[in-house]
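These are the residues of each chain, in order.
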Amino acid sequence: MSNRLLDAQHLVKNFGGLTAVADVSVHFDQNELVGLIGPNGAGKTTLFNLLTGVTPISSGAITLATDQGVQTLNGQRPAQIAQAGLSRTFQNIRLFKDLTVLDNVRIAMTNHYHETFFGSVFRTPAFYRTEAAMTVAAQKLLAIFDLTAIADQPAKNLPYGIQRRLEIVRALATKPKLLFLDEPAAGMNPEETADLTRLIRQIQQDFHITVVLIEHDMSLVMNVVERLYVLEHGALLATGTPTEIQQNPAVIKAYLGDEASC
Amino acid sequence: MKATLKANAVWLGVMILGFVAIDTAELVGVVNPFIENMLVTIGINVILATGLNLIIGFSGQFSLGHAGFMAVGAYATGIITQSIATPLGFYLSMMVGIVVAIIAALIVGMPTLRLRGDYLAIATMGAAEIIRILINNLKITNGAAGLFNIPALASWTTVYTLMCVTTIVTVNFIHSRGGRAVMAIREDEIAAEAMGINTTRWKLAAFVFGAATAAIGGSLHAAYIQTIAPNDFNIMASIAILIIVVLGGVGSITGTFVAAIVLGVLDTILQNFGTLRMIIYSLALILIMIFKPTGLLGNWELSFKRLNHHKEASAHE
């Protein structure tokens, strides 16, 4: 219990008459790599949206326990939740397309480098110092992920795989404690997926953060995650290690159908 | 750092050169009052349109109420300089105009910036109308007749200097943490929010900033033209500023300059055509929008830093 980072209890989300997420309780520990799987329409992305505040929850409680103490996240705006240490990528990439790779990363650092309005408008020495420090930090991050050469390119010009990687780098630039990756391998070929697998492991180890990923690519999921949640029809179907999940009859039934019905 | 310094020096040179060029033309006698009026109008339009471009082109919020904030600046100057007819009084009145415009923008912006697109345009338009109608009915503003005999405290040099200052301040803001946050909101509001950017706060910052520069434009207008009336600041005035922004290229400050100059010159030349003027003017706008839908310059910016960079790169080859 001591290293519990995020605790979500009895989350419910109704869209009109439709219950997208029904009484789901999940928790993520520090420096853990957790997977979230389930058939299409199971409510995986909705759950991410609830946890990061993009869509407000209908009922339930989300608490974040960090060194600074315990705080309740439900009812907070996405920006506040992001500042508390939850960052994410999106299923359908949402980069700042017309801005450069470097700016995409620097924007995510907005809250960590304070520039006064007066300073930025009249270019005080303090402004140049902050700006330089911010740029160096951004470039360092880009270098780790092999993006230095394209730092000045607009994000929209990048190939799909690189855009996905940039989105992860941008999320890391907010200095998160918990990183949500929504289908990071979608649309990638096996080689790119293998690269991504290495990348995710590296992130979790080097940055000491918790990573939660939604993924349909089972080779990726079974390779990297330590623990899995399986969702179906908006409810939690099973939880356990990858091996346990692979042998869970309920999960097999959800994915492959009932033996008797075939 | 060195490159930035070099580029800034070039910009300073351009500004001084522009000043000297107009000054010489004035001395030689090329610039008659008619031409000077055109130059000043262009300068004021640049100030107004740069501020509006920050709101529309950089923060992606559609505002149709720019003339309302301009009116605030104009009336502040009109009222205050009639009692204190000194340059100091003029700058004081400009400060008052800016402060009142900022307060008005906060009152308008806080509820309306939660709206998007068309709704925001209509809400800002309504706010500007409220300002205009208030001015129309107050005693201190002399109602519908407006103010006249405002002391001539702004010459073309004042306009030119303030145009340079507001442009520098705006461009500096765009190239800072705040400007990037604002552009992120334009690109993708949900992603910006998820990166920890308080979107309401930054949208409001851009809106208030734009309103403050509009007040400066209004102050200069009042002190140069010397006569103002509530109808100078109606919806058509807001649209005229919007036309400059759209024509130059939404998101390009260089484009705003080009469009303000092109339209200013076009307007002056067309004075000779009498009633045909508005038809030719509209036709020119339609043609530009057909052949250049993103505006004259799109979102391209003139950058001496980049030019230097290219030169050095080709020198190395």
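It should be emphasised that the depicted structure is a prediction, and the values quoted were computed from it without experimental measurement. (Residues numbered from 1 in each chain as written. Chains lettered and ligands numbered in written order. Predicted model: local features only at pLDDT ≥ 70, side-chain atom pairs only at ≥ 80, totals over all residues. Heavy atoms only, no water.)

1. Looking at the overall build of chain B
On a plain count of helices and strands, chain B comes out with 13 helices and 0 strands. Here the C-alpha radius of gyration of chain B, 20 Å, is about what a compact globule of 317 residues would show, namely 20 Å. Its C-alpha atoms give chain B principal-axis dimensions of about 65 × 55 × 45 Å. Within the span of chain B, comprising 317 residues, buried residues form 51% of the whole. Contacts in chain B between residues at least 24 apart in sequence constitute 79% of all its contacts with a sequence separation of at least 6. For chain B, the accessible area works out to roughly 14600 Å², and carbon and sulfur atoms hold 72% of it. Positive and negative charge centroids in chain B, built from 16 and 14 side chains respectively, lie 7 Å apart. (Helix = DSSP H or I, 4+ residues; strand = E, 2+ residues; numbered from the N terminus. Rg over C-alpha atoms; globule rule 2.2 N^0.38 Å. Buried < 20%, exposed > 50% of the residue type's maximum accessible area, 1.4 Å probe, protein only. Contact = heavy atoms within 4.5 Å. Areas by Shrake-Rupley, 256 points an atom, 1.4 Å probe, with all protein chains shown as cover. Lys, Arg positive; Asp, Glu negative; His and termini not counted. Charge placed at Lys NZ, Arg CZ, Asp CG, Glu CD.)

2. A short note on unusual backbone geometry
Phi is mostly negative for residues that are not glycine, and the peptide bonds are mostly trans. Residues and elements named next belong to chain A. One non-glycine residue, His10, lies in the positive phi region at around 50°. Looking at where His10 falls in the secondary structure, it is placed in strand E1 (residues 4–15). His10 sits in the partly exposed class, given a relative accessible area of 46%. For Arg123, which is not a glycine, the phi torsion comes out positive at approximately 50°. By the element assignment, Arg123 lies in the loop between helix H4 (117–122) and helix H5 (125–144).

3. Quick word on the pattern of salt bridges
All names here are of chain B. All chains considered together, the criterion is met by 14 salt bridges over all chains. Residue Arg132 pairs with Glu129 through a salt bridge whose shortest N-O separation is 3.1 Å. Taken together, the positions of Arg132 and Glu129, both in helix H5 (residues 118–137) and 3 residues apart, correspond to about one turn of that helix. The buried category is assigned to Arg132, whose relative accessible area is 15%. (Salt bridge = Lys/Arg side-chain N within 4 Å of Asp/Glu carboxyl O.)

4. Let's talk about the sheet that holds strand E8 (residues 210–214) of chain A
All names here are of chain A. Spatial strand order, E6-E7-E8-E3-E9-E10: 6 strands in an open sheet with mixed pairing. A strand with exactly one partner marks an edge of an open sheet, and here the two such strands are strand E6 (86–88) and strand E10 (235–240). Across the sheet, the mean angle from the axis of one strand to that of its neighbour is 20°, orientation sign disregarded. Across 4 bridges, strand E3 (residues 33–37) lies against strand E9 (residues 227–232) in parallel orientation. Its bridge partner lying in E9, Ile37 is registered against Val230. In the packing of helix H10 (residues 249–256) onto the sheet, contacts are made with E3, E9 and E10, and the angle to E10 comes to roughly 125°. (Pairing = 2+ DSSP bridges. Axes fitted to C-alpha atoms, helices over the stretch in contact; angles between N-to-C directions.)

5. Re the packing of helix H3 (residues 66–83) of chain B against helix H9 (residues 199–225) of chain B
Residues and elements named next belong to chain B. Across the interface, H3 lies against H9 with an axial gap of 6 Å and an inter-helix angle of 45°. Our classification of the angle between H3 and H9 gives oblique. Where H3 crosses over H9, the handedness of that crossing is right-handed. Of the residues in H9, those touching H3 at His66, Phe69, Met70, Gly73, Ala74, Thr77 and Gly78 are Phe207, Gly210, Ala211, Ala214, Ala215, Gly218, Ser219, His221, Ala222 and Ala223. Grouping the amino acids of the contact of H3 with H9 by side-chain chemistry returns 9 nonpolar, 8 polar and no charged. (Parallel < 35°, antiparallel > 145°, perpendicular 65-115°, else oblique. Left-handed = near helix turned anticlockwise from the far one by under 90°. Nonpolar A, V, L, I, M, F, W, Y, C, P; charged D, E, K, R; others polar.)

6. Comments concerning the pairing of E1(A)
All names here are of chain A. Pairing analysis gives 8 bridges linking E1 to strand E2 (residues 18–29), with the strands arranged antiparallel. Bridging from a neighbouring strand, Ala8 pairs with Val26 of E2. The hairpin turn running from E1 into E2, its antiparallel successor, is 2 residues long, and Gly16 in that turn takes a positive phi close to 60°. Of the strand pairs in this sheet, E1 and strand E4 (residues 59–66) are connected by 5 bridges, and their pairing is antiparallel. The residue of E4 that forms the bridge with Asp7 is Thr63.

7. Describing the nonpolar core
One finds Phe69(B), Phe90(B), Met94(B), Phe207(B), Leu220(B), Ile228(B) and Phe233(B) to be the most contacted residues of the largest nonpolar core, which totals 70 residues. At 12 residues, the largest contribution of residues to this core is made by H9(B). Counting residues domain by domain, this core receives three or more from each of domain 2 (56–233) and domain 3 (237–311) of chain B. Counting residues in hydrophobic clusters, the runner-up holds 69 residues, among them Ala155(A), Ile168(A), Leu181(A) and Met195(B). (Core = buried A, V, L, I, M, F, W, Y, C linked by side-chain atoms within 4.5 Å. Domains from an automatic or database assignment.)

8. Considering the sheet that holds strand E5 (residues 69–72) of chain A
All names here are of chain A. Taking strand neighbours across the sheet as the criterion, the 4 strands line up as E2-E1-E4-E5 in an open arrangement whose pairing is antiparallel. Of all strands in the sheet, those with a lone pairing partner are E2 and E5, marking the two edges. Taken pair by pair, the neighbouring strands of this sheet meet at an average axis angle of 15°, ignoring direction. Together, E1, E2 and E4 form the strand contacts of helix H1 (residues 44–51), whose direction differs from that of E1 by roughly 115°.

9. A short note on the UniProt feature "transmembrane region" (unreviewed entry) in chain B
Residues and elements named next belong to chain B. When the UniProt feature table is mapped onto this chain numbering, "transmembrane region" (unreviewed entry) sits at residues 9–31, 37–56, 63–84, 90–110, 155–174, 204–225, 237–266 and 278–298. Between the first and last C-alpha atoms of residues 155–174 the distance is 29 Å; the span itself is 95% helix and 0% strand. Counting secondary structure, residues 204–225 comes out at 100% helix and 0% strand; the distance between its end C-alpha atoms is 31 Å. (UniProt positions renumbered as here; feature names shortened; annotations may be inferred.)

10. Examining a nonpolar patch on the surface
Residue and element names in this part refer to chain B. Taken together, Val10, Trp11, Val14, Trp300, Leu302 and Leu307 make up a surface patch of nonpolar side chains, about 500 Å² in accessible area. Inspection of the secondary structure puts Trp300 in the loop between helix H12 (276–291) and helix H13 (304–316). The exposure class assigned to Trp300 is partly exposed, which follows from its relative accessible area of 44%. (Patch = residues over 30% accessible without salt bridge, like charges linked within 9 Å, V, L, I, M, F, W, Y side chains within 5 Å.)

11. Notes on the domain arrangement of chain B
Residue and element names in this part refer to chain B. Taken domain by domain, chain B consists of domain 1 (1–30), domain 2 (56–233) and domain 3 (237–311). Each of domain 2 and domain 3 was reduced to a C-alpha centroid, and the two centroids are 21 Å apart. Of the roughly 960 Å² buried between domain 2 and domain 3, counting both surfaces, carbon and sulfur atoms make up 85%. By the criterion of area lost to domain 3, the three top residues of domain 2 are Ile56, Phe58 and Leu64, representing 37% of everything that side buries. Counting every contact that joins domain 2 to domain 3 gives 0 salt bridges. Put simply, domain 2 and domain 3 have 2 residue pairs in polar contact (both at pLDDT 80 or more) between them. (Buried area = accessible area lost by both parts, 1.4 Å probe. Polar contact = N/O pair within 3.5 Å; in protein donor to acceptor, adjacent residues only side chain to side chain.)

12. Section: the interface of chain B and chain A
At the junction of the two partners, chain B supplies 29 residues and chain A supplies 36 residues. Each partner contributes to the roughly 2700 Å² buried at the junction of chain B and chain A, and carbon and sulfur atoms together form 59% of this total. Looking at the side of chain B facing chain A, the largest losses of area belong to Arg177(B), Arg180(B) and Met195(B), adding up to 30% of the total buried there. At the junction of chain B with chain A, the criterion picks out 3 salt bridges. Taken together, the links from chain B to chain A amount to 16 residue pairs in polar contact (both at pLDDT 80 or more). Put simply, the parts of the chain that give the side of chain B that touches chain A at least two residues each are helix H1 (2–28), helix H6 (156–174), helix H7 (177–187), helix H8 (189–194) and H9 of chain B. A per-element tally of the side of chain B that touches chain A places H7(B) first, with 7 residues.

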